[in-house]
Amino acid sequence: MSDTPSRRIQVDLSGQTAMVTGASRGIGKAIALTLGKAGAKVACIARNEEKLKETAEEITAAGGTAAIYPCDVTDSAAVEKLFEAVTEQWEKIDIIVNNAGITRDTLIPRMSDEEWDDVITTNLRSVFLFTRAGIQAMMRKRYGRIINISSVSGIMGNPGQANYSASKAGIIGLTRTVSREIASRKVTVNAICPGFIATEMTDALGPVVQDEVKKRVPAKRLGESEEIADAVLYLASESGAYITGQILTIDGGLTA
Ligand code: NAP
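Residues numbered from 1 in each chain as written. Predicted model: local features only at pLDDT ≥ 70, side-chain atom pairs only at ≥ 80, totals over all residues. Heavy atoms only, no water.

Applying the stated criterion across every chain yields a total of seven salt bridges. Where Asp 94 meets Lys 141, a salt bridge forms, and the shortest distance between an N and an O atom there is 3.0 Å. Note that Asp 94 is positioned in the loop between helix 3 (76–90) and strand 4 (95–98) and Lys 141 in the loop between helix 4 (113–140) and strand 5 (144–149), a separation of 47 residues in sequence. The exposure class assigned to Lys 141 is partly exposed, which follows from its relative accessible area of 31%. Between Lys 215 and Glu 212 there is a salt bridge; the shortest N-O distance is 3.4 Å. Pair noted here: Lys 215 and Glu 212 are both in helix 8 (residues 206–216), with a separation of three residues, about one helical turn. (Salt bridge = Lys/Arg side-chain N within 4 Å of Asp/Glu carboxyl O. Helix = DSSP H or I, 4+ residues; strand = E, 2+ residues; numbered from the N terminus. Buried < 20%, exposed > 50% of the residue type's maximum accessible area, 1.4 Å probe, protein only.)

Quick look at the structure:
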C-alpha cells in the first residue's frame, strides 16, 4: 500500500476544457485523469495513439469526457491544427498543461548536436508553440490557466543533463515572462518543478541509481505522478486565480 495520503483535493472543473501534452503515460497521464475526474473535458496529446486511447478510456470509464489528439508537440503546423481541432470540438480551451518531455543524458563533451536539439525542441520549443497558439483566445475571454512542467534539474542543474537542465530552466524563464505579459487578462502561467517521480523516465535510471536517489531525497522515496497532478489541479482551479509566474517545486525536500 502507498504511504502517501489518499487524494483529497476537491475541485469542480465541469464546463472547462483542458489540453494535456504527454498524456500517454507517466505524469501527463495522471494529470489527464485528475483533470478528467474533476469534470474537465480533456484533450489527450502525445504521439502514441494506442496509449492515448488507454488514457481516454480511463477518463470516460470514470464518468469524464476525453478525446485523443495524436500529435508531435515539436511540429509548429501540427500544433496550430491541433488548437483549431480542439476549439472546433469544444469551442474553447481553458487549461493548457505543457508536460511532454524527454531526456537524452550524457556528459557535455560527448553530447551531440542532435541530443541537444532534440531535448530543447521537445521540452522547450513545444511550450512556446502551445503557449503562443493558446494565449490569444484565453486573453480574449479573460480566463485561462497555463501550467508548465519543468524540473528541479532546471533549478539545480544535474551532471549528464546539460540539455535537459537548459530546457527546463528555459521553461522557468518563459513562464515568468509570459505570466507578466498577460496577468492583467486573468490568465495565469505557472511552472511545477518535480523532483524524482516514479515513471518510465526514472525507471530508466535503474535500481542502483534509484536507491542512491532515495538516500539523497529527505522524504526517502520517489514522488508519485498523482502528487504532481494534484498540484496541477490546484493551480487550474479557481483557488489559483491570484497565483501566477510562480515556480512550485515538488521534490520531497531535495532542494530544501
Ligand atoms: P515519460 O513517462 O517519459 O512520459 C513523457 C511523455 O511525453 C509521454 O507521454 C510522451 O508521449 C510525451 N512526449 C515525448 N516527446 C513527445 C513529442 N515529441 N510529442 C508529443 N509527446 C511527446 O515522462 P514523465 O516522467 O511522465 O515526465 C513528464 C514530464 O515531467 C516531462 O516534461 C519531464 O521532463 C518532467 N519531469 C519528470 C520527472 C520524473 O522524475 N519523472 C522529474 C522532473 C520533471 P509519446 O512518447 O507517446 O509521444
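So much for the structure itself; the text now carries on.
Formed by 33 residues in total, the largest nonpolar core has its most connected members in Ile 31 and Leu 35. Where this core is concerned, the elements lending two or more residues are strand 1 (17–21), helix 1 (26–37), strand 2 (41–46), helix 2 (49–61), strand 4, strand 5 and helix 9 (225–236). Of the residues forming this core, the biggest block, seven residues, is contributed by helix 9. Once residues lying within four places of it in the same chain are set aside, the contact partners of Leu 35 are Leu 13, Ala 18, Val 20, Ala 40, Val 42, Ile 95, Val 97, Val 232, Leu 233 and Ala 236. Within the second largest apolar cluster, 31 residues are counted, among which are Ala 43, Cys 71, Leu 129 and Ile 146. (Core = buried A, V, L, I, M, F, W, Y, C linked by side-chain atoms within 4.5 Å. Contact = heavy atoms within 4.5 Å.)

Right, let's get into the sheet that holds strand 3 (residues 65–70). Read from one edge of the open sheet, seven strands run 3-2-1-4-5-6-7, paired in parallel fashion. A strand with exactly one partner marks an edge of an open sheet, and here the two such strands are strand 3 and strand 7 (247–250). Ignoring strand direction, the axes of neighbouring strands in this sheet form an average angle of 20 degrees. Bridge count between strand 4 and strand 5: four bridges; the pairing is parallel. Each bridged residue has a counterpart across the sheet, and for Asn 98 the counterpart in strand 5 is Asn 148. This element, helix 1, spans strand 1, strand 2, strand 4 and strand 5 of the sheet and lies at about 170 degrees to strand 1. Contacting strand 4, strand 5, strand 6 (187–194) and strand 7, helix 9 runs over the sheet at an angle of about 155 degrees to strand 5. (Pairing = 2+ DSSP bridges. Axes fitted to C-alpha atoms, helices over the stretch in contact; angles between N-to-C directions.)

To continue, consider helix 6 (residues 162–182). A rise of 1.5 Å per residue sets the reference length of helix 6, with its 21 residues, at 30 Å; its end C-alpha atoms lie 30 Å apart and thus fit the reference within 8%. Regarding helix 6, the residues found buried are Asn 163, Tyr 164, Ser 165, Ser 167, Lys 168, Ile 171, Ile 172, Leu 174, Thr 175, Val 178, Ser 179 and Ile 182. (Expected span 1.5 Å × (residues − 1).)

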